Every structure is written in C-alpha cells, then in structure tokens.
Amino acid sequence: MTWETVIGLETHVELATKTKIFCSCTTQFGGEPNTHCCPVCTGMPGALPVLNEKVLEFAVKAGLALNCQITRRCRFDRKNYFYPDLPKAYQISQLYLPICRDGAVSLSTPAGEKHIRIHELHMEEDAGKLVHDPWLDQTRADYNRCGVPLIEIVTEPDFRTADEVVAYLEHLRSTLQYLGVSDCKMQEGSLRCDVNLSVRPAGSAQLGTRTEMKNLSSFKAITRAIAYEARRQIELLEEGKPVVQQTRRWDENKDATFAMRSKENAQDYRYFPDPDLPQLFLSEAYLERLRREQPELSPAKAARYRRDWDLPPYDVQMLTSQKALADFFEQTVALGAPPKQASNWIMGQVLGALSARGLDSRDMPLTPRTLARLIQLVQSGRLNRNTAVKVFDAVFDSDADVDAYVKEHGLEQVCDAELVEDAVAQVLADHPKSVADYRSGKEKAFGFLVGQVMRRLKGQASPPAVHAALHSRLDK
Amino acid sequence: MEWSAYTALELGTAIKEGALSPAQAVQAGLDAAGRHTHLNSFITLAGTRALERAQQLRPGGAGAESPLYGVPMGVKDNICTKGIKTTCASMILGDFAPPYDAAAVERLNQAGAVCLGKLNMDEFAMGSTTETSYYGPVRNPWDPGRVPGGSSGGAAAAVAAGEIWYAIGSDTGGSIRQPAAFCGVTGMKPTYGAVSRYGLIAYASSLDQVGPIARSAADCAAVLDVIAGRDRRDSTSLEYAGPLLPRLTGEVRGMRIGLPGQCFGDGLNKEVRAAVLAAAEILKSRGARVEEFSMPMLDYGVPAYYIIACAEASSNLARFDGVKYGWRAEGCQDLTELYTKTRTQGFGPEVKRRILLGTFVLSAGYYDAYYKKALQAKALIKSAFDLAFQTYDLLLTPVTPTTAPKLGETLSDPLQMYLSDVYTVPVNLAGLPGLSMPCGFDSRGLPIGAQLIGPLLGDLPVLNAAHAFQLETDYHRRMPKGGDAL
Amino acid sequence: MKIAQEIVDYVSALSRLSLPEGEKAAMQRELEKILQYMDVLEGLDTAGVEPMSHVIPLENIMREDRVMPSQDRGELLAGAPVPDQEAFLTPKSVE
C-alpha cells in the first residue's frame, strides 16, 4: 500500500517588540535569570495585564501579509493549566475570537505551486524557562521570557512533504522579517514549530490519527523528524497497530521522536474571556493605516528585480529571500553600482564571506557604501577583479575605507598606457622565441607574454589593457 | 466627645487645626484597638510603623491639602501594602509581604494617610461573615456573639469600634456594603473601574472593586476623591469625574427613587423592611419622589453571581501553588504533590468549595450550561437596571435580609449564606455604584442598613442621597454601647 | 444537576486539590445542592443574548511599547518559600 503523509503546523513566533505583551519589562533575549521581571511577569497577587499596542499592530500586519481575515472585535481568553513555567497558572491567549483567521499562502516548490491555508493566527504570552539543577535536584524557574509576545500561526493540514513544510517556514520567516515583526531566529527560539502529522492510505479522504511533535529547533530537525515520524506511523499501521494520539518530543541526538509523559487532564484548559483585558475594536481607519504601512514583500520585490533589472531567477530568489540581503543589495545599487555587478558580488563574495563566518545577513559587518565603492573601482579599471576580491576579504569585517586600503597597499591598477607600452616592448624584446611561437600559431605563447608583462608591472596592470597592447604589436 | 466618635473628616479638620497631632490620632486608634482585641479586627497591627509615619507628617507637607491628611485608617488584608504582610486571611499566603503597594494605597499615602494595619476578612474575600478567616473570626462590636458580616468584616468592625476612622475594603458581591450594614457604618462600592484594582488580590476580577468604609457618606466621598481615577496599570480603570466631596449638597428635591418590589418580598425580616421603608420616607420628606416598581431579573442575581465569581476565582487562585510566594507544604517529592498538598492544606473549606464550583462550571461540557448562561443572565440583569434607570435616578433596597446572625449560624449551610447576598450581588454584576448606610436598629439593638444604587458612574447622586439622609438622621453617629467602651 | 463522585474527583484533580476521603461526600452533597439551586437559570430565556464578559464597554486600552525598569530581583524572590538568589525553585519539572 502507498501511504500519504498529512501535516499541519503550529508555529510560535516571538514578536520583535521592545517590551513584553502585558507589562513594560524588556523582551531582550538572555539576561541574568529573573532580572527582566516585575510583579506582572512573576504572577504576583494583585498584578494586572495591560496590552502593548505594538503587539496588536504586529499581529495584524502578519495577518494581512498572510492574507487573513482580521477579526474586528477580538479579545483575550485565559487558558488554565498548572505548570511552573506559567506563574499565573493561566496563559493569556485567544481561543474564541483570534485576531486573524482564514488566510492562505502560495509557495513555489520544486514540484510546483503549493497552496497552504492558514486556519488562524492569535496573540498570546510566552512562558518562562525551566532548567533542572542536578546539584540541588530542583528545577529553577526563570521568568524573563514570561510575557514575551507571541503569535501562533496554525495552518490547515495541507502539507504532504517535508519540502513543503520547509518552503512554508522559509516563506513565513522571510515575510515576518520583511514586516519587521519578528527576527525569527530559530536558534534563540523566536520561531518555534510544532508539527502535527498523520498518515493515511493514498487516495483516502479521511485523516488518520495524528501525533504532535515538539522541540524542533531547525529546518534540518523538522525534515528528519517528519521522515522519522511518518515511517514510524506507517510501520505501526502496517503491523496492524494503532497510532496513538499523543505529543512526541524530537530528540536531535537520537534522531527519533519519543512520547512525552502525558500531562494529566491536560486537555481541559477551561478557557474563558479574560476579565482583566477589555475587548479590542479595530476600526477601518486603523486597518487602512496598517495596510498602507505594509512594506514590499519578497514576491513583489522579486518581480520588480526581474522586471527592472533583468536579473536571473536564482539570483532574484536568493537576494529577496532575506530582507537584510535585499536591503543591502538595493542600497548598493542606489549608490551607483550596476545591479548585475552588485548581484554578482553579493551572490559570490558576500554570501561566501557570511557563511564562512557563520553570520546571518542581518549581522553583516560590511556596508553597502564599501561594496559600491569597490565595484566602482573595478568598473573604472582602477582595480582588477582579483585584487578587488582580495580587498573585499580584507575590509569585510572592519568595513575599512577601500580607497585608503588600496592606496596603503599600493594596489591600484596601472592604467597609464605608456607604462604598459614600455613593459610590453621590453617583454617582446626579451622573449623573441615566444613572439615567434605566437606568430606561428601557438596561442599558449600569448598567455606567457601576458604573464611576463603583468610580472613586470607587479600584477597591478589592467588585464584588458595588457591584452590590447600585446595584440596591437603582435598582430601587426 | 472622644476622638473615636469623630468622623474621618472631622478628625482631619481637628488635625489641620492643631487640636491633635497625627501621632496623637494614631495613639487614639491604637488605644481603641487595644481595648477591643476580642473583636479581632486586625490581622496585622502596624502600630510602630504608623507612629513613625505619623511623626513624619508636618502641617503643609506633601498631601496636606487632603481633608484626610494624617487621619489613621486601615487596609483590608487583600490589598497589597509594600513590605507589610498581606495574607488574604489565608494560610496559603503565609508571611507574604508584597514588593509593591496597591494603586489605592499609593494614592492614600500621597494624601498623607496613616495606615494602622491590615484588616481581617473572609479568606480571599469569600464569605459573608468573616468567619472563614485563617486568623479567626471577627466579632461584631454591637454584639460580640454575632458576626460583623463579610468579607470586609474587620474593616467594618474597626470603623464601628472607633479603632480607625476609615478603611479601604473590596466588594465583589457585597463585601463592603453588607458588613457596613451589620456594623452600623457607611460603605460604598463605587462604579466598577472607578478605583484601580492594581494590587487588589483578585477574587473575581470582573466584579471586584475597591471602596471605602467610614462613618458617613461624606467620609466615603473624601476617600474616593483620593483613591478613584484612571490608573495605567489597570486596563479596566476609568476616568473619574471628581472631586465628589465639594458637590455633596444634600439636595434631593425632585430626585426619583425606585424601590424594586423583589427586594421587599418574602425572606426579608420585618424590622429590616420597616427601617428601609422609613429611610425612603425620610428621603421623601426632603423632596425625593419614591415609588415601588418591579424588577424580576433580580431573582437571577445570586446564581449568575456565584457561577461567574467562582469561575474567575478558580483561575485567579490557581497561582497560589507554593512556588513563588507564600506557604509551601513540606516533604513533597514531585510537582503535582507539591501543588496538591500546598493547595489542599493552604486553602480553607469555603475557598476550596468555590474553586471546585468554578472549575466545574468552566470545564468541558458544562461551560455553556453554566458559565455562558450566567454571562447571558448578567447581560439581562444589566439591561434591567438600564431600563430602571430610565425612570429612576436611584434605587433603594435593603442590604441584607436580616441583621447580623450569631457566630457559626450560617457557616454550616453555604447555600443559605449565598442566598443572603441577594440584594447586593446584582449591583456587582451590573458594575453599578452601591452604598450601604445605617438606617436604624432592630429590637436587639443591631444596626440595619439601606442600600442606594445608582446608574453607571452615578457615584455622586448615590453619595449625595446618602448625605441627605445623614443630614436628617444620626444612625451613622451612634457607637456600640456608649462609645468605644464595650 | 446530579454531581457524581467522579465529577468531584475530576474537578479536584484539575484544581490541584485533594479532599480527604472524609470530606468528599459532604463536598459532593454541597456542590450538588448549590448547582441544583443554580439550575433556576435554566428557566431564563437567553435566546439571542450575547454573553457579557465586560460590563463597562471599554475598548482598545493599551500602552505604548516603551521599556520601564524591571523590579529588583531580590524583592521578587524575597517571598519565595525556598530561598534562592536567582530563581524560583520547584521539584523536578523538566526531563
């Protein structure tokens, strides 16, 4: 029997606000335990939540970009459960009236266009962090992350492959970064994904029993976990055993999923409207303002790059996949670099340098000004391409002044025609055999002569100028 | 006249005029409290701290423009006071000393209030008798064999006995008005949102409201002028149209006052009925127009109230788990045991009953039949009040069906206790201002209270009508057994 | 509404309360009596009535996204039942 894998995603994204969702403590990542906290964060008796206006704005922006219906009258509900990372013993979330519903995104995958429906997007608060202290044999609760704003984006079970899942998450990450609503750093946990997976006989319209996988902290983990879990479920079914609906934890080291201890009565969250938070009403004017403020997102940007600059599709996709990279590219072009040149440099040197250093495009040390100047020097013939690459490598980390560096290291190209002419004349006089070889049709000899001229000029000559001078004498 | 017989405003004037110093006022309060330890009105008496504070107050100092500058007062023990133990009269909070002041306390401090201590109450404000306190019951100053009402029983008893000149309490279903009635003092639950709830340890967030208990309506107005107003830390707090005190004219001519028939029917003690109707006559004599009308929706107040209040309480009290603050059960091996033991041993029976009830009405399968239904009943009760206020400026009702019962009398039958809140809970459901004022005594000499209810934000007309009544009567000036000597 | 013992056990577990065997039956009877009384609401026609969670129709009460200093950690931890300089402690709660 062939089996079909059916996947839905629940993605939690930390919003890039300065303060928490319900108090004015900083959302900064890290920090000594419990130092980004106040009575609201630690669930002190008598403390009350007050909504951060930026959270609403970011949630709506994300919803608009994911083509969702915006709930004009919405509110917060309490989700009640006991766990030490949740100091109030309830999470303020949205069940009855989530801020956004019924969205959709289109993905281009190697297998073609794929349509994914968004079930809902809602706002909620993050929980704290628990670390077990083996020395004390006690668990330490740090509430710095308590109240960091999250949006949870829930898709319909529309995915069939891990590739589609990754394409969706890449699209989501790019979109949210473009909007500036999240930095989506998986390694810092600002984008977290739970995968709901079931399998069914191919062609069946009925959904199988699903499991939920947690602790997936990279695209690689997601891909491997999907493969593992689909195989596990298929094996169970083929052995005639049932799949049990449960939450499973992905273990990166063991490359397998494991059932988590089922929380007692975990399902009955007794949601009810939070009496501490008045309802929200989103006026048409408010929505209109946010619509106007929406930036150009990657698909629109890609179309523009192709249309205006005729860049190859692969380059366009790479450049627009990350907002920081697209911004870098556009600023370089705005400073006068020809788009094709700028693109080549970014696709080659810039991405190479970033990946060699394990840097994200947002952490780029080089400024567009420096790259644009470098490109200009090559274009005007004052630096040759190879030297320019060396200069690039030298200034990438410090963003040092290109002109000063070139001057200091005497790297400027010799463009003085007379100097080139003199060198050529000297080389031809010194190597009559090579001249004769070339004239008798041995093309290789030309390369040797070029090399000799370059050597005389200490490698600072412009190769086209040397070629031209040699040809003009030899081909007479 | 003894200082303890003064109203808060009178004492404030005496302090302003130099007839006594704030420290002497504190000493007078402490002396009265010392004579009445059997009342058990305080959980924490902060005498030394209060004296130090009083000695720092200077004529013309910050806040001296307040008419209550230097007047000793008390704070119900579910309102946070920075560095002073705040227990909610529960074992589970242990010696919890909050790291912050409640908004109302902060404002009172700025106005030169001197806090004598933290007042006894029903555990987590759940009760109508102040018998559910972990720190023992409070006794009624008018008859120590009887309850002072609840849940702000310590506050009402302490004001009645002249230990403090006013108190701030909380009222979720009558917790200010009912003990005020039983103790012969004036208590007001303002419009929901008038006073910030920041720092009030929540029982039922959509119903809880902080308010004053004092001798007179004018005192209550003066306290509200200090504590009311929008607070950026409480999203449900409202802009307040104060000050109220200068606008208390006692003028009620032409005011239309409605008496809901449902509040004067079976189950109402005859003496209470007579006293409340007599109060209506007095307002009439000052020019108000009084008439009876029918408001059948009031009959659904108690069930709707207890469903909503318990549901919210089950969520609000979940944070008391022995991890972050308060008391923790010893010797627990795992997390569930820690939670369960701490909560089972740390909460008293009435709190547990309400948590279970609240958990039940929110649980899967019962939400619609109970919780949602109660929210719908609340909407209908609110509409019924809206309709009534199209015809009437104020409503007048009894506060309680009877005068104060004996200790232990109601505790055995929780439902009976819930039913005694019949006149007060609809006011909380609709978010309205309600005031309880002394309007007479029964044949045993126990105080009787009348309740004035106003429309949303109608705190001023409520206080003004009570002020008018108190200009005509002296029930609010009477002290238990000839002053403070019990 | 009849309240079965299982329901009392279920809501007790949800609330992290454990009634001693001796108190269970009494609690069951009390809850049943109270809930039976609450059934008077069944007689109330609420068709088409919007459940009212907030009695005051406030809307859009929000604050600016501006950082304010957090509270001193020592003050927040001062009331913890198990003293520690940095964190709140619980029995083992993570794998």
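Quick caveat, the model's predicted, so the values are computed rather than measured. (Residues numbered from 1 in each chain as written. Chains lettered and ligands numbered in written order. Predicted model: local features only at pLDDT ≥ 70, side-chain atom pairs only at ≥ 80, totals over all residues. Heavy atoms only, no water.)

**A closer look at the overall build of chain B**
When helices and strands are counted, chain B shows 15 helices and 11 strands. Taken against the 2.2 N^0.38 rule, which gives 23 Å for 486 residues, the C-alpha radius of gyration of chain B at 21 Å falls within 12% of a compact globule. Burial analysis of chain B (486 residues in total) assigns 70% to the buried set. Here the contacts in chain B between residues at least 6 apart in sequence split such that 77% fall between residues at least 24 apart. (Helix = DSSP H or I, 4+ residues; strand = E, 2+ residues; numbered from the N terminus. Rg over C-alpha atoms; globule rule 2.2 N^0.38 Å. Buried < 20%, exposed > 50% of the residue type's maximum accessible area, 1.4 Å probe, protein only. Contact = heavy atoms within 4.5 Å.)

**Let's talk about the interface of chain B and chain C**
Counting from both sides, the interface comprises 65 residues of chain B and, opposite them, 50 residues of chain C. Here chain B and chain C share 2 salt bridges between them. With its nearest N and O atoms 3.3 Å apart, the salt bridge here joins Lys33 of chain C to Asp413 of chain B. One can count 16 residue pairs in polar contact (both at pLDDT 80 or more) joining chain B with chain C. Put simply, the parts of the chain that give the side of chain B that touches chain C at least two residues each are helix H9 (301–316), helix H10 (335–346), helix H11 (349–362), helix H12 (367–391) and helix H13 (414–419) of chain B. (Salt bridge = Lys/Arg side-chain N within 4 Å of Asp/Glu carboxyl O. Polar contact = N/O pair within 3.5 Å; in protein donor to acceptor, adjacent residues only side chain to side chain.)

**Some thoughts on the sheet that holds strand S10 (residues 138–142) of chain A**
Read across the open sheet, the 3 strands follow the order S9(A)-S10(A)-S2(C); overall the sheet is antiparallel. Pairing within the sheet leaves two strands with one partner each, and these edge strands are strand S9 (129–133) of chain A together with strand S2 (88–90) of chain C. When strand polarity is set aside, the average angle formed by the axes of neighbouring strands in this sheet is 30°. Two elements, S9 of chain A and S10 of chain A, share 5 bridges in a ladder whose sense is antiparallel. When the sheet's bridge partners are listed, Asp133 of chain A is paired in S10 of chain A with Gln138 of chain A. (Pairing = 2+ DSSP bridges. Axes fitted to C-alpha atoms, helices over the stretch in contact; angles between N-to-C directions.)

**Digging into the environment of Asp194 of chain A**
Residues and elements named next belong to chain A. Of note, Asp194 is situated in strand S12 (residues 191–201). Counting along the chain gives 28 residues from Asp194 to Ile222, while the straight-line C-alpha distance between them is 9.0 Å. In contact with Asp194, not counting residues within four places along its chain, are Gly8, Leu9, Glu10, His12, Glu212, Met213 and Lys214. Among the polar contacts listed, one links the side chain of Asp194 to the side chain of Lys214, at a separation of 3.0 Å.

**Here we look at unusual backbone geometry**
Outside of glycine, negative phi angles account for most residues, and trans bonds account for most peptide bonds. Cis geometry is found at the peptide bond from Gly150 of chain B to Ser151 of chain B, where omega equals 10°. With respect to the helices, strands and loops of the structure, Ser151 of chain B is situated in the loop between strand S3 (114–119) and helix H5 (153–160). For the bond from Gly242 of chain B to Pro243 of chain B, the omega torsion is -5°, close enough to zero to count as cis. Counting through the fold element by element, Pro243 of chain B comes out in the loop between helix H7 (217–227) and strand S7 (256–260). Phi is positive for Asn34 of chain A, which is not a glycine, with a value near 60°. Overall, the relative accessible area of 2% leaves Asn34 of chain A in the buried class.

**With respect to the pairing of S10 of chain A**
All names here are of chain A. Within S10, 5 of the 5 residues are buried, which leaves it mostly tucked inside the rest of the structure. Of the two faces of S10, the one lined by Gln138, Arg140 and Asp142 and the one lined by Thr139 and Ala141 are each fully buried. Turn length for the S9-S10 hairpin, with the two strands adjacent in sequence and antiparallel, is 4 residues, and the turn residue Asp137 shows positive phi of about 50°.

**Some details on the interface of chain B and chain A**
The interface is formed by 39 residues belonging to chain B together with 32 residues belonging to chain A. Ranking the residues of chain B by area buried against chain A places Ser235, Ser315 and Arg319 of chain B at the top, with a combined share of 21%. Between the two partners, chain B and chain A, sit 1 salt bridge. We note a salt bridge from Asp276 of chain A to Arg197 of chain B, for which the minimum N-O separation is 3.0 Å. Our count for the chain B to chain A interface comes out at 14 residue pairs in polar contact (both at pLDDT 80 or more). Mapped onto the side of chain B that touches chain A, the elements with two or more residues apiece are H9, H10, H11 and H12 of chain B. By residue class, the composition of the side of chain B that touches chain A is 20 nonpolar, 10 polar and 9 charged. (Buried area = accessible area lost by both parts, 1.4 Å probe. Nonpolar A, V, L, I, M, F, W, Y, C, P; charged D, E, K, R; others polar.)

**Section: the confidence of the model for chain B**
Residue and element names in this part refer to chain B. For chain B, per-residue confidence averages 96 on the pLDDT scale, and 99% of positions sit at 70 or higher. Throughout residues 482–486 the model reports pLDDT below 50, and contacts reaching past four residues in sequence, or to other chains, amount to 10 contacts. Here the complex is predicted with pTM 0.90, and the ipTM for its interfaces comes to 0.97. (pLDDT = per-residue confidence, 0-100.)

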